[in-house]
Every structure is written in structure tokens, then in C-alpha cells.
Amino acid sequence: MAVIDRERWQALEPLLDRALGLSSEAQAAWLDELTVSSPDLAAALGALLTGESDADRQGFLVKPLELRLAGLELGAYVLERPLGQGGMGSVWLARRVDGRFEGHVAIKLLNLSLLTTTGQERFRREGSALARLGHPGIARLLDAGVSSTGQPYLVLEYVNGIPIDSYAAIEQLKVGGRVELFLQVLAAVGHAHANLVVHRDLKPNNILVTCEGVVKLLDFGIAKLLDTEGTSERTITAEGGRALTPEFAAPEQVRGDTITTATDVYSLGTLLYLLVSGRHPTAEGCRTPAEAVRRLFEVEPARLGEGDLDNILSKALRKEASERYQTVTAFADDLEHYLRNEPVSARPQSLAYRGGKFLRRHRTGVAAAFFVVAALAGATVFSVRQMRDARRQRDAAVQDAKRSQVLVELQSVFAGDSRGPDGQPLSAVERIGVAERILTHQFRQEPWLVSEMMTNLSGRFYESGDRATQRQMLARSREIARNAGADPQVALAGCLRVYSFAFEDKLDSARADLADAKAALGRSENVDPVIRSRCLTGEGQLLVAEGKSNAGIALLKQAVALEVGDATESVATINDLAEALRLSSRMREAVPLQRLVLAKLDSNGYGDTDMLPNAASFLDGSLWELGEPAEEQAALQPFIREQEAIHGAGHVSTFLAFLYGQAKLRLTEYDSADVWISRAMRDTTQGAGGIAEWAPAVLTQIRIEQRRYDDAKRESAKLFDFPRGRGTNAALLKARIRWETGDKAGASALLEPVLRSVLSDGKPMITQFAIPLISAAEWRLAAGDARGADSLARLGRRAAAVDTLTLERSVFVGRAELLRARALRALGNAPAARISARQATIALTNGYGATNQWAMRARALRDSLEP
């Protein structure tokens, strides 16, 4: 048989699937019909089927291989029965058997036939996509691993539900009820988009509804990460079979064009059309995938007689991606307006739109008439359009030229040897003041330019920590813009003030500026998406500061969705979202975004600047709060190597050295930590504010571990008076000095009242309480109070267990379980002690590494407790 190239196979594969599912008689009749419509494909398909028949006659695989996976153990799970089979792998129902939890999970196994580099990359990408997501409407990723045979697998939340179209039919939902159900789908997809993930395979079988009516989105097997890098997208898609479902694919997917969030919008429009009408918008009655693909391009969906809902569906199902809803939020907004009988943004297809479609379908028949009309009208139309384009280009060019002129003037201020009356070089703040005076004098006839440049300059004050001066400059910029009638610039300056006020918890001022900025936005037309993004960011940060984390995070995700490219400002918006997630104890969601920020900064050339370690500090904080110091060190190492390659061994930026030393301390590598922290402290000109704030706690702990207690006391005297988490840890350090120097009663007397205070203040428990609680438990056990020790250790475990993954990865959980095992052994409860020791071994080995002293202690205790 001749070799079939990839494009030919992509056309034949769905036809072959169809043919093999038919009886001999039906197969022959279907081939006859295919011969009429597509003789070449029919001939090639006939040759494949003949080969299949010959193999059958020769007895090839007459007795199929039986791969019995039921009963197979994968880590802590045992497979029970298959749930489904897809192009990438099989999905199994599994139960946990290590005694830690009851209940079932779904385990997805990569097909053995796909154990190639690109096949595994595609499977890894599904795990990466799921790891970014944390939404109640998306089945959660719980774990991942590799079987003893080298077969990768994902452990997923098991969803006991039925496809969304079946649920709507069984429940006999009215149109409004179906739209409300569909809005749950949009919320889940919107969360994925905000986390830079496009699903690309949205169809009823991938959207289940539980008996409680809760939608769960499944199967991110062909999801696209909007920042995909490394393995070629085409390679990953090609190897592993058909990477789309033709009946629910968007036109650009079939053509192989760029995939965007609008691609999912088309699939969602198809799904909603199917839910409302019970039939497919374009492929109803199609017998083959090839026919469904052909009709995708040729057929316009029929209107359903549902008024504005038809207009909404029409917009979602436009063939051109640019003509659809660009976000699922906009799609959802129109549906909510429809349910409330309010006007929607979607309108019936215009005459121009329908005329354009007519021309595409009937090019030959109208070509002559078109050219006659074009000959008469073309010159006029072209002239008008050319004149408008020229005017826009001229205006843009003039503005760019003025900006360049300003930058030249400012460069002389910032790069020159400007000095004050005392002959000393001007400080950065003084230079900015000079720059402002130049702007307001030389360019006062261009108020839009003065306002824009002053807004940009104000950011330098924010970065230096002088937020009061930043806000003063923004206020002047806003007033200039207001007098010039430049409402978008008024809004931008106000929203940046909101962000600055929210950072310092000056919430009343932030609210007042936000109201003013929103009024300016309301007066504006065609506002730049960047300005809208900045305002969403400011409002989101205000909501987070007010304790309305979910609402704030939702706005920050909208801000991220508005950003384009890898500009520093767009990266900052992603970082703002990640930090809001972290501060809301959603560190697992924050980590992939923080890694993305670092990757973008590094790729943009900021790897050898202070900007990168500043961003790295956020990832560092999240990983520590998740209790994963080994991962924390691993995240910093590439940037250490990069800077050492430029500047030499041990020579890295101050703040990066500090972060790395802190990671070494957390891994209990005390001498190495001392070296790196000493390097960071040598240079007091960089990052001094941040290091001065954090260094006393780090140095106090290092000196305690080195048994240099007098030095530890001196450092502890410099500790800042922090609230809650950091304040509790500061109390722990001071108490540890007492404990280590023999004042054991004084240590407990200092630490426990602080713990009682923060645990009874009515606020949520946080990860920072874990180690102080565990230390207090350790001291209770040393004093013979095993029951009190167990109680405090359980509180420490509760503080650390922010999600299910921390139960197996967090060193805080591991240390709490290790102490519980010791306390339970002292209480004579050996079975419970064994369970805690096993759990401690898993968590400490994963969090610290197998050779760490804490992991070895846990293993030794576990082994001593085994019967």
C-alpha cells in the first residue's frame, strides 16, 4: 500500500472511523454514495478497507489483546473501571487505598501509542492547563505521576454527571433555564481564558452536569496555552490524532489558523444553539465529519424565532473570528441582558454583512456586475478611504513626533550631569521634578502630551516607594487632562491613584478617586483597552483590600484578558492578579501566573535587572506558603546561573542573593544561607528597603541555628512590629532564643499568648501560623503534655493544609504530622501514630527532598513504628 501523507490521512481518518462502524451492507451503500460526491476519497478508503478485510481473512488479531487495567495501582490509587476513551488516553474510575481519604477520582492515562516526545508534551500541556485553573465549574487536577511502566497519568476530580444536553432534556428545561445553565459554562470558560487557557474542544460530552445542577468542564487534552512555548503546536496536534471535534470546531481551527479566545466562543455558540433548539446550527443531518466540515463554511445557522437570543447566537457563530464576541464575558453579559429583557449589544446581521456572504457564495454569477459598479464607484470610494486613512496616519505621526521630542528633552535631564544649587548631582526624585517643569513649560500648548508624560513619570515615584508624591503628580496630570477635555487620560490618572491608595489601605480616598475615574470613562468613547485594564486593576485591588477577594480577582482577570503582548505593563497586570490570588490564600492558582511573569520578563531581557528578583519574590512567597522550599530553590536557580554567567560566581543582584539565601535557610542549609545573605547585605545601595525589612528575621534564625545566641538577640532587637503572620513568627524567634538558652517556661509563656490572640481575632487562619503552632506543640510534648501537643499540631496542620495537594507536598503539613506521630506514640495510640508518620514522610520528602534531615527523621520514626 502506498504511503499516505499527513494531510491525506487527516481527510481519510474520520471517514475510516465511520466506515468501520457500519455493517458490511451499510458500508457498501455508504461507499457508493461517497464515490459520487468524492471519488478520490472513496477509492483511497476502499483500498484501506480491502486491506482490513484481507487481514481479517488471515486471522490477524482475531483474538484481541486483553489489557486488563482494573486493579492496577498507581501511587495511592487503584483503578476500578473505565469511564471513557479519547484520542489521548483512557479515563478510569479509581479509589484511594492508602487510608488517608475515602472517595473516588478519575485517572487519565496517556495511550501507550503516544509515548513519544510530542505525545508526552501534549499530555503534559493538559496537566499544565489544569494546574492553572481553580474554578468550581472545572474538574480539578489533584495529582500527576508516571506508572511503573513509564505511562504518564493525571489524577482528576471525579464528576458524577451527565452531558449538558442530556441534562437539559431530562429536566425539560425551558429556554430561560437552558440559558441560565449555559451561563455556568461561560463562567468556567471565562476562568480558563483569564488564566491564558483556550479549551478548543467544547462539546456536550466535555461538559457534565451533576444531580445538583452544577456544571463541570472536563478534558483539556487539546487546550492551548496562550503563551505556549517550546514544542511546535502543529507537531503536538498532528501526533496523537485528530485534535478537534468537527461538529464543534470553529472555522479557523479547521483551516489551521491562529487560535484565540474567539475560537472557544464559536464552539460555545454551537453548544447554546444545540441546547436551545435541539439541533446543530450547521451540521444537522450530516453523515460524515467531512460533510460537517464542508457545511461549516457554507451554511449560515437558521434563526430560531427567539428574538434577541437569535442575534446573540448569530454574533457568537460568525465565520470570521473578529466579528464574534471577543470574550466570554461579553457573551455572558448579552445573555444576562436577554434574560432580564434588557437591550443586548448583538444586532441582526447588517445588509453589508449578508451581502458579503452572498458574494462569497456566488462569486462567478455576480462578478461581471461587480466590476461594472466598481468601475463607476471605485475611484470615489478609494479616494475617500485613502483621505481618511491619510488623516489618521498624519495625526498619529504628529503625535509620535511630539512624543519623540519630549523624550529627547527628558533624556537630557535623566542622562545628563544635572546638579542642584549645592553642586551635588540631582537625585532621581529631583530629576523627575525638573522633568515635570520642562513638560509644563515647553509643551503647555499640548496638554494631552503633558498629562500623558506626567502620568508615565509618576510611576517612577511608585517604584521608589514615594507613593504620596506619585499621587500628587497624578493629581496634577488629571487636572491638566480634565481642562483639556481628555477624559480617558483623566480616568487613567484617577485609576492609578486608586491602585496607590489601595496599596496603603487608604480605602476612602481610593473609593472617591474610583468614582471620579468611572465618571470620566462613562463620558469617553473608544477608550484604549490598556486604560480600561488599568482601571479594572485599580478597582480590583480596592475590592481585595476591602476583603471582597472574589469580586476583586474577577475584575483583575478581566484586566489581564484586555492586555496584549509582553509589554512590562501587561506583565505587571498579570502579577497583580497573581498577588491578589496569593493574598486570598489561593497560592496554587497564583504560582503558574507568577512563573509566567518571570518567563516573560526573562525573555524580554530583564533577567539581569532588579525587576526580575522583585517579581521572583512573589513566586518565592507563594511556594513557601505552599510549603515547598525545594521547589522554591529550584525556581530561583536558573536566574542565579544566568547572572553568575554574566558577572561571575557569587555575583548576583542583591535582592536575588537575599531570596536565594532565604530559600537555603528554609531548606535547613544554614551555612550556605549565611553565605548568600552576607552577599546580599554587602551592598546597601540596591533593594535596601526590602532587605532592611526582611533581613533581621532571616539573620536571627540563622544565628539561632548556628548557636550564636548573643548575635541572634542583637538581630531580634531589630525585628519590626508586624501584625498577625509575620508578627507571630517574630514572637517565635524571640521565644526560640529563650528556649535554646534554657528558659523553656519563658519561651512558652512568650509564644502561646500571641498564638491565642491571633487564633481568636475572628480572621482566617493562615499558613504563617503553622510553624509557630508546631513549635509550641514541640515544647508542650517536651514538657510531658502529649495531648496538648497533639492539639496544637493539629491546628498547625490545619493552617498549612490550604488545598489537597499540600497534604502530600507541604513541609508544614509534614512537620505537623511528624509531631503528631510522636505525640500519639506517647499517648499509646500506635496505629494512629503510624498513619501520621507515613503522611509526614510523604510530605517532608516531597517538600524538602529525600536527603533533608526532616525527611530522614520522618522515615526513621515511620520505620520504628511499623509492626
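Conventions used here
- Residues numbered from 1 in each chain as written.
- Predicted model: local features only at pLDDT ≥ 70, side-chain atom pairs only at ≥ 80, totals over all residues.
- Heavy atoms only, no water.
- Pairing = 2+ DSSP bridges.
- Helix = DSSP H or I, 4+ residues; strand = E, 2+ residues; numbered from the N terminus.
- Axes fitted to C-alpha atoms, helices over the stretch in contact; angles between N-to-C directions.
- Contact = heavy atoms within 4.5 Å.
- Buried < 20%, exposed > 50% of the residue type's maximum accessible area, 1.4 Å probe, protein only.
- Core = buried A, V, L, I, M, F, W, Y, C linked by side-chain atoms within 4.5 Å.
- Phe/Tyr/Trp six-rings, centres within 6.5 Å; stacked < 30°, edge-to-face > 60°.
- Lys NZ or Arg CZ within 6 Å of the ring centre and 35° of its normal.
- pLDDT = per-residue confidence, 0-100.
- Parallel < 35°, antiparallel > 145°, perpendicular 65-115°, else oblique.
- Left-handed = near helix turned anticlockwise from the far one by under 90°.
- Nonpolar A, V, L, I, M, F, W, Y, C, P; charged D, E, K, R; others polar.

**Section: the sheet that holds strand β7 (residues 161-163)**
Point 1. Spatial strand order, β7-β9-β10: three strands in an open sheet with antiparallel pairing. Pairing within the sheet leaves two strands with one partner each, and these edge strands are β7 and β10 (215-217). In this sheet, neighbouring strand axes are inclined to one another by 35° on average, regardless of whether the strands run parallel or antiparallel.
Point 2. Strand contacts of helix α6 (residues 175-194): β9 (207-210) and β10, with the helix running at about 35° to β10, the strand carrying the most contacts.

**A few points about unusual backbone geometry**
Point 1. Within the chain, Asp505 stands out as a residue other than glycine whose phi angle is a positive 60°.
Point 2. Considering the arrangement of structural elements, one finds Asp505 in the loop between α18 (487-503) and α19 (507-522).
Point 3. A relative accessible area of 55% means that Asp505 is categorised as exposed.
Point 4. The backbone of Thr668 shows a phi angle near 65°, a positive value even though the residue is not glycine.
Point 5. Along the chain, the position of Thr668 falls in the loop between α26 (654-666) and α27 (670-682).

**Some remarks on the nonpolar core**
Point 1. In this structure, Leu577, Leu598, Leu636 and Phe658 are the most contacted members of the largest nonpolar core, which totals 47 residues.
Point 2. Of all elements in the fold, only α21 (549-562), α22 (568-583), α23 (587-603), α24 (611-625), α25 (629-647), α26, α27 and α28 (688-705) reach the threshold of two or more residues within this core.
Point 3. The contact partners of Leu577, leaving out residues within four places of it in the chain, are Ala194, Ile553, Leu556, Lys557, Val560 and Leu593.

**With respect to the environment of Leu773**
Point 1. Looking at the element boundaries, Leu773 is found in helix α32 (residues 770-782).
Point 2. For the pair Leu773 and Ala799, spaced 26 residues apart in sequence, the C-alpha to C-alpha distance is 9.0 Å.
Point 3. Not counting residues up to four positions away in its chain, the partners in contact with Leu773 are Leu755, Leu759, Leu792, Leu795 and Gly796.

**Describing the pairing of β9**
Point 1. Residues Ile207 and Val209 line one face of β9 and the alternating positions Leu208 and Thr210 line the opposite face, and both faces are buried.
Point 2. Judged from the three bridges that link them, β7 and β9 form a sheet pairing that is antiparallel. By the bridge assignment for β9, Pro163 is matched with Leu208.
Point 3. Judged from the three bridges that link them, β9 and β10 form a sheet pairing that is antiparallel. In the sheet register, Ile207 faces β10, and the bridge partner there is Leu217.
Point 4. Between β9 and the antiparallel strand that follows it, β10, lie four residues; Gly213 among them carries a positive phi value of about 85°.

**Observations concerning the packing of aromatic side chains**
Aromatic rings in a pair are described by how distant their centres are and how their planes are angled relative to each other.
Point 1. Applying the stated criterion across every chain yields a total of six aromatic pairs.
Point 2. Ring geometry for Phe182 versus Phe331: centroids 5.6 Å apart, planes at 65°, classification edge-to-face. One end of the pair, Phe182, is in helix α6; the other, Phe331, is in helix α12 (residues 328-339), and 149 residues separate them in sequence.
Point 3. On the basis of relative accessible area, Phe331 is assigned to the buried category, the value being 0%.
Point 4. Consider the rings of Phe655 and Phe658, whose centres lie 6.5 Å apart with planes at 20°: the pair is stacked. Linking Phe655 with Phe658, this pair stays in helix α26, spanning three residues, or about one helical turn.
Point 5. Among the aromatic residues, ring-to-ring pairing joins Phe182, Tyr325 and Phe331 into one connected group.
Point 6. Above the face of the Trp739 ring, Lys744 is positioned so that its terminal group lies 4.1 Å from the ring centre.

**Concerning the confidence of the model for the chain**
Point 1. Per-residue pLDDT for the chain averages 78, and the proportion of residues at 70 or more is 74%.
Point 2. Highest mean pLDDT in the chain belongs to helix α35 (residues 811-826) (96); lowest belongs to helix α7 (residues 233-238) (35).
Point 3. Confidence drops under pLDDT 50 across residues 112-116; counting only partners more than four residues distant or on other chains, this segment forms 13 contacts.
Point 4. Every residue in residues 685-689 is under pLDDT 50, and counting partners more than four places away or in other chains gives four contacts.

**Points about the packing of α35 against helix α36 (residues 830-848)**
Point 1. Where α35 contacts α36, the two axes come as close as 7 Å, and the packing angle between them is 155°. Relative to α36, the element α35 is oriented roughly antiparallel. The way α35 lies across α36 gives a crossing that is left-handed. Every residue of α36 that contacts α35 at Val811, Gly814, Arg815, Glu817, Leu818, Arg820, Ala821, Leu824 and Arg825 is listed here: Ala832, Ala833, Ser836, Ala837, Gln839, Ala840, Ala843, Leu844, Gly847 and Tyr848.
Point 2. Counted by class, the contact of α35 with α36 contains eleven nonpolar, four polar and four charged residues.

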